[in-house]
Amino acid sequence: MKPKILVTRAIFPKIIEYLSAHFDVEDNQSDEVYNDAELMRRLQGKAGVFANPSHKFASELFNACPDLKAVCTMAVGFNNIDVPAATSAGIMVTNTPDVLNETTADFAWTLMMAAARRVSESERYLRAGQWQKSKYDDLLGRDVHGSTLGIIGMGRIGRAVARRSMGFNMKVVYHNRTRLTPELEVAANHAQYLALNELLRTADHVILVLPYSPAVHHLIGAEQLALMKPTATLVNIARGGIVDDAALIAALKAGQIATAGLDVFENEPALNPEFLTLKNVVLTSHIGSASVSTRDAMAYCAADNLISALSGERPANLLNATAFKS
Ligand code: 8YV
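Residues numbered from 1 in each chain as written. Predicted model: local features only at pLDDT ≥ 70, side-chain atom pairs only at ≥ 80, totals over all residues. Heavy atoms only, no water.

Let us look at the sheet that holds strand S6 (residues 148-152). Pairing is parallel in the open sheet, where seven strands are placed in the order S8-S7-S6-S9-S10-S11-S12. The open sheet has two edge strands, strand S8 (192-193) and strand S12 (281-283), and neither has a second partner. Of the pairings in the sheet, the one linking strand S11 (residues 259-262) to S12 comprises three bridges and is parallel in character. Residue Gly261 lies in a different strand from S12, and its bridge partner there is Val282. Across the sheet, helix H7 (residues 156-164) lies against S6, strand S7 (171-175) and strand S9 (205-208), angled at about 175° from S6, the strand it touches most. (Pairing = 2+ DSSP bridges. Helix = DSSP H or I, 4+ residues; strand = E, 2+ residues; numbered from the N terminus. Contact = heavy atoms within 4.5 Å. Axes fitted to C-alpha atoms, helices over the stretch in contact; angles between N-to-C directions.)

Listed below in structure tokens is the structure:
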């Protein structure tokens, strides 16, 4: 008898096929977004779940699903999962680190360049038929080359972002929970550690790449935005909630900073509608890791974690080692 698993959202059909070789799979290819009660109902009798950031996995759920042995999310971020509660319930939790580092770092640069050079504004202007002639001061933006890049969160993705600055002759400053080793700082284009407020005062372009936790909720609020240069760019490819979106909207409206490039939002996908009224912001729908090859790799990574976890092997990307029982 194959163990029973739930796949919470639609996924590549080949992944359903791959999992079906090992499990009795309940899939959701119609991509219904289950509410908490429906998720709990569908998890009854399941040994594992192929998850993603759209569902919360809390202690109440774990206590109501006694057969659950593994939650394997197709994401590097796992703030939607109460890992300590899972550990207490003897449930393994895995994520998909590394496979998405380069793709997500590319996208941080995509948003920074598009925001700084006002690409979205220019496209809207052109598509609206307003481009009748070119003027010397049309949509003047800010240079990226030769500027100072500030990275908040210098993990593997943050360091991949920093490496890309070598091609743009930039100075890199960073803030992190802990300072990097000298070797890692050198590899990150000789990145210089700064306190958060000093980084915000110094950087021309600030990129948020840190994981979300309650400790960093609204890390970037009105006070922090007021420290930034009026010519500055703020990019968020991390998680909604790290930025106080209402404060950012006010700062963008007041010209306290020049522009923002945002891939994540508080309460996404129901982002603050005032963002839609602003010209000086580039908005994308949480596609930081969304390349063909990377989402493919993430899906197989999550599936392999689940296969390992339910076959008695230690999963490669186990977040709670004490939950593993060999
Ligand atoms: C997507 C992400 O949410 O990896 C993460 O933490 O936020 C993004 O990669 C994820 O890939 C959706 O499954």
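A few words now on the sheet that holds strand S3 (residues 48-51). Judged by pairing direction, the sheet is parallel, and its five strands sit side by side in the order S2-S1-S3-S4-S5 without closing on themselves. Across the chains shown, the open sheet's two edge strands, defined by having one partner strand only, are strand S2 (24-26) and strand S5 (92-94). On average, each strand axis in the sheet is tilted by 15° relative to the strand beside it, whichever way the strands run. Inspection of the sheet shows strand S1 (residues 4-7) paired to S3 by three bridges, in the parallel sense. Considered in S3, the bridge of Val7 is made with Phe50.

Okay, the domain arrangement of the protein chain next. In many reports, interface size means the accessible area that the parts give up when they come together. With domains assigned, the protein chain is organised as domain 1 (4-99 + 292-323) and domain 2 (101-283). For domain 1 versus domain 2, the distance between C-alpha centres works out to 31 Å. On the side of domain 2, five residues touch domain 1, which itself brings seven residues to the contact. Between domain 1 and domain 2 lies a buried interface of about 590 Å² when both sides are counted; carbon and sulfur atoms form 39% of it. Contact with domain 2 buries surface across domain 1, with Asn79, Asp98 and Thr294 losing the most and accounting together for 69% of the total. Across the domain 1-domain 2 interface, the total number found is one salt bridge. With its nearest N and O atoms 3.3 Å apart, the salt bridge here joins Arg156 to Asp98. (Domains from an automatic or database assignment. Buried area = accessible area lost by both parts, 1.4 Å probe. Salt bridge = Lys/Arg side-chain N within 4 Å of Asp/Glu carboxyl O.)

On to the site of the ligand. The immediate surroundings of the ligand are formed by Asn52, Pro53, Met74, Ala75, Val76, Gly77, Leu100, Arg239, His286, Ser289, Arg295 and Met298. The separation between an oxygen atom of the ligand and a polar main-chain atom of Val76 is 2.8 Å. Within the side chain of His286, a nitrogen or oxygen atom sits 2.7 Å from an oxygen atom of the ligand. Starting from 320 Å² of accessible surface for the ligand in isolation, the protein chains cover 88%. Among the residues making up the shell around the ligand, the classes are represented as six nonpolar, four polar and two charged. (Near = heavy atom within 4 Å. Polar contact = N/O pair within 3.5 Å; in protein donor to acceptor, adjacent residues only side chain to side chain. Areas by Shrake-Rupley, 256 points an atom, 1.4 Å probe, with all protein chains shown as cover. Nonpolar A, V, L, I, M, F, W, Y, C, P; charged D, E, K, R; others polar.)

On to the pattern of salt bridges, then. A full pass over the atoms with the stated rule returns 17 salt bridges. Across the pair Glu102 and Arg164 runs a salt bridge, and its minimum N-O distance is 2.6 Å. Taken together, the positions of Glu102 in helix H5 (residues 101-116) and Arg164 in helix H7 put the pair 62 residues apart, joining distant regions of the chain. Of the charged contacts, one joins Glu198 and Arg201 as a salt bridge, the two residues approaching to 3.3 Å between their closest N and O atoms. Here Arg201 and Glu198 lie together in helix H9 (residues 196-202), a separation of three residues that amounts to about one turn. Relative accessible area serves as the criterion here: at 36%, Glu198 is assigned to the partly exposed category. (Buried < 20%, exposed > 50% of the residue type's maximum accessible area, 1.4 Å probe, protein only.)

All right, on to the pairing of S9 then. With burial as the criterion, each face of S9 is covered, one bearing His205 and Ile207 and the other bearing Val206 and Leu208. Sheet topology note: the S6/S9 ladder contains four bridges and is parallel. Residue pairing in the sheet places Gly150 in a bridge with Val206 of S9. Pairing analysis gives four bridges linking S9 to strand S10 (residues 233-236), with the strands arranged parallel. Of the residues in S10, the one forming a bridge with His205 is Thr233. As for the winding sense of the linkage, the β-α-β connection from S9 through helix H10 (residues 222-227) to S10 is right-handed. (Right-handed = clockwise from strand over helix to strand, strands pointing away.)

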